[in-house]
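Remarks on the overall topology
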Amino acid sequence: MNEVENFTIALFFASAFGFLLSRARISPVIAYIISGSLLAFLGVKLNGDVFNFLSNFAVQILAFMIGLTFNIETLRKTLSSAALIVVTELLIVGSVVSFVSSLFGFTLVEALLLLVSTFSTSSSIVFKQSVGLLPKEELDIALATSSIEDIVTFLVVSVISGQIVSVANAVYLFASSIGSFGLGLLLARYVLVRIVKVSTPELTMLWTISIVSFFSLLGLYLNIPPVLPPLLFGISVALVLREGIDRIIKQLHTLLDFFLVIFFVIAGQEFTPGVYSVLYVPLAMVAVGLKYFAFSTGYWIASGDFKRAFNTGLHMTPLSEFGIVIALSAISFGHRIGSLYDFIVVLVGTSFTISGLILKKEKKISIILSNIEAKSKIISRLNIILLSFRTRLSVPAVVRDLSNSLLLYLAVVLGIMIPSDLTVYYVRSADQTLGLYIIVALVLGTLVSLFYFSLRLRDSINATLNLQGNLREVANYFVYSVFIFISLIYLSTVIRIVEIPSVLVSLALPLSVLIYLTYTRIYKLLKKRS
């Protein structure tokens, strides 16, 4: 069969399965993936030039749409809260992914794929399904957080594609990105603005698609990830075109949805259904729950409002389609990710289905959250404490000083952990006899250094916020908890390099005891404060 016949069959299968699963209140994304997998089983291969063009074009438009939702004004107003949420997500999701990767022996690429797939929310889905449902403040927080997650995602794309493997490559990628962004600003300012003002909606959409295609070609010519220039162009349009963005988004959404159907059908061609696919569903539900808990916890810390945070978290459950995009990119770059691709496909499809079902029951879930907040004394106490922190942070000088302390702490932690991991890798490869003893001494020295700088961070927070009494002790134990998470991430990477899984088991008991003692101590302090 030729490509036209294959294309017709693919559309028919996608339409039929989409209709059947939508009647069962299941996300049509799963139907499209099943259609592609079934077509592959029947011998209908969607690997021609037409299908590759449609799939790549869907990714380009998606990248551009993500850039359009990157509202700088909103991000500036909500940066502190959104950044805190993303850091909390990275700590929680990153710790779990690091532990799982060490336990199952995942490579760095596989661990990054799992992290991005579980961590990043689909900004296009959030925008489409939450406008009009979420209050403006919550919607701004959700979109700002999703925008920062997208930045992390594209950094992972650069790592997987081999762009950030040396200082020279990183500098070239940075310079190419700046050049693409500057060109995007010029085209948006002097071409697209005038087109939007004087042209019909059809011409505006045509011009937009043409420029997006041009930027995709630019990425190929510059030998950088092809999705990066369209993303930067979307950001530049969001900066320049303050009015009319909503109109462009509405015009492109229908077109994007159609191309995404083709993309998911083609993605289903790489999907191998079987018994394991069914077993992946409960694991995917756990991963979606982890994302919901991580975002809601971060927003709770940032806002001091339990119900609002966990209610907004319901809208952040649809995980980004870019998990599949990056997984396909990893396969195209020659990385062997095995059954992880199948899990990522199940994870994205499951998240869309869960999100749709949850939002239909949002009012009932909101009532449950209100009851939990009303009946739980510890949640009420934490609300008061977090609001107290937020009140203290409202002074600009305090924000500046605390931000400087946190950024310095993050820089020092990365400056210690990364060279330590590289040294462990070098010693492990170079010396097999004394290597283990040197690694043990290096790990102990790294942990002591991390603990020392954690104590410095503790003192800085206490001095900046002028904390006294129980609040001071709660802040202290919060820093200790951060140290535990960072230590767990560091030890997981070391264990993966050294390849001694038994060490992980020996570390699990003392770490669990330390976490338990920290939790009980904080609980006693909160109880005493009441």
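Given the structure is predicted, the values throughout are model-derived calculations rather than measurements.

Within the chain, the regular secondary structure consists of 21 helices and zero strands. The 530 residues of the chain split such that 51% are buried. Counted over contacts in the chain with a minimum sequence separation of 6, partners at least 24 positions apart contribute 81%. Within the structure as shown, the chain displays about 25700 Å² of accessible surface, and the carbon and sulfur contribution to it stands at 69%.

Applying the stated criterion to the full structure yields five salt bridges. The partner of Lys 291 in a salt bridge is Glu 89, and the shortest N-O contact between them spans 2.7 Å. Placement of Lys 291 in helix H12 (residues 275-303) and of Glu 89 in helix H4 (residues 72-104) is noted, with a sequence separation of 202 residues between them. Exposure class is identical for Lys 291 and Glu 89. Each is buried. The closest approach of N and O atoms between Glu 137 and Arg 308, which form a salt bridge, is 3.7 Å. Residue Glu 137 is found in helix H7 (residues 136-160), and its partner Arg 308 is found in helix H13 (residues 306-313); the two are separated by 171 residues along the sequence. Each of Glu 89, Glu 149 and Lys 291 takes part in a single network of salt bridges with overlapping partners.

Here the focus is the side chain of Thr 297. Following the sequence through the fold, Thr 297 ends up in helix H12. Residue classification places Thr 297 among the buried residues on the basis of a relative accessible area of 14%. Within the local environment of Thr 297, its side chain forms a polar contact with the backbone oxygen of Phe 293, the two atoms lying 2.6 Å apart. Excluding anything up to four places from it in sequence, Thr 297 contacts Thr 88, Ile 92 and Phe 310.

We now examine the confidence of the model for the chain. Per-residue pLDDT for the chain has a mean of 76; in total, 81% of the residues score no lower than 70. For the chain, per-element mean pLDDT is lowest for helix H21 (residues 501-529), which scores 58, and highest for H13, which scores 87.

The next point concerns the nonpolar core. Within the largest apolar cluster, 120 residues are counted, with the highest numbers of intra-cluster contacts made by Phe 264, Phe 322 and Ile 324. Per-element accounting of this core gives the leading share, 14 residues, to helix H11 (residues 245-269). Ignoring sequence-local partners within four residues, the contact set of Phe 264 consists of Val 29, Tyr 32, Ile 33, Glu 321, Ile 324 and Phe 352. Ranked by size, the runner-up nonpolar core spans 25 residues in total, among them Val 443, Leu 450, Val 479 and Leu 491.

Before going further, it helps to examine the packing of helix H5 (residues 108-119) against helix H15 (residues 340-360). Interhelical geometry of H5 versus H15 gives an angle of 5° and a closest axis separation of 11 Å. Compared by their axis directions, H5 and H15 come out roughly parallel. Contacts between H5 and H15 involve Glu 110, Leu 113, Leu 114, Ser 117 and Thr 118 on the former and, on the latter, Leu 340, Phe 343, Ile 344 and Leu 347. For the contact of H5 with H15, a count of residues per class yields six nonpolar, two polar and one charged.

Next up on the list: the packing of aromatic side chains. Following the criterion strictly, the structure yields 14 aromatic pairs and no others. On the basis of an interplanar angle of 85° and a centroid distance of 5.5 Å, the ring pair of Phe 214 and Phe 215 is categorised as edge-to-face. Phe 214 sits in the partly exposed class, given a relative accessible area of 40%. Residue Phe 215 is classed as buried on the basis of its relative accessible area, which comes to 0%. Here Trp 300 and Phe 310 contribute two aromatic rings whose centre-to-centre distance is 6.1 Å and whose plane-to-plane angle is 70°, an arrangement assigned as edge-to-face.

Side chains three or four residues apart in an α-helix point the same way, a direct result of the helix having 3.6 residues per turn. Judged by how many residues are buried, H13 sits mostly within the fold: seven of eight residues are covered. Regarding H13, the residues found buried are Phe 306, Arg 308, Ala 309, Phe 310, Asn 311, Thr 312 and Gly 313. Between a side-chain oxygen at the N-terminus of H13 and the backbone nitrogen of Lys 307 the separation is 3.3 Å; the capping residue is Asp 305.

Under the 1.5 Å per step criterion, the end-to-end length of helix H16 (residues 362-375) is 20 Å for 14 residues, consistent within 8% with the ideal 20 Å. Taken together, the buried positions of H16 are occupied by Glu 362, Ser 366, Leu 369 and Glu 373. Down the axis of H16, the sector holding all buried residues measures 60°, keeping them to one side. In H16, those exposed residues whose orientation departs by more than 90 degrees from the buried face are Lys 364, Ile 367, Ala 374 and Lys 375.

Conventions and cut-offs
Residues numbered from 1 in each chain as written. Predicted model: local features only at pLDDT ≥ 70, side-chain atom pairs only at ≥ 80, totals over all residues. Heavy atoms only, no water. Helix = DSSP H or I, 4+ residues; strand = E, 2+ residues; numbered from the N terminus. Buried < 20%, exposed > 50% of the residue type's maximum accessible area, 1.4 Å probe, protein only. Contact = heavy atoms within 4.5 Å. Areas by Shrake-Rupley, 256 points an atom, 1.4 Å probe, with all protein chains shown as cover. Salt bridge = Lys/Arg side-chain N within 4 Å of Asp/Glu carboxyl O. Polar contact = N/O pair within 3.5 Å; in protein donor to acceptor, adjacent residues only side chain to side chain. pLDDT = per-residue confidence, 0-100. Core = buried A, V, L, I, M, F, W, Y, C linked by side-chain atoms within 4.5 Å. Axes fitted to C-alpha atoms, helices over the stretch in contact; angles between N-to-C directions. Parallel < 35°, antiparallel > 145°, perpendicular 65-115°, else oblique. Nonpolar A, V, L, I, M, F, W, Y, C, P; charged D, E, K, R; others polar. Phe/Tyr/Trp six-rings, centres within 6.5 Å; stacked < 30°, edge-to-face > 60°. Expected span 1.5 Å × (residues − 1). Arc of directions from axis to C-beta.

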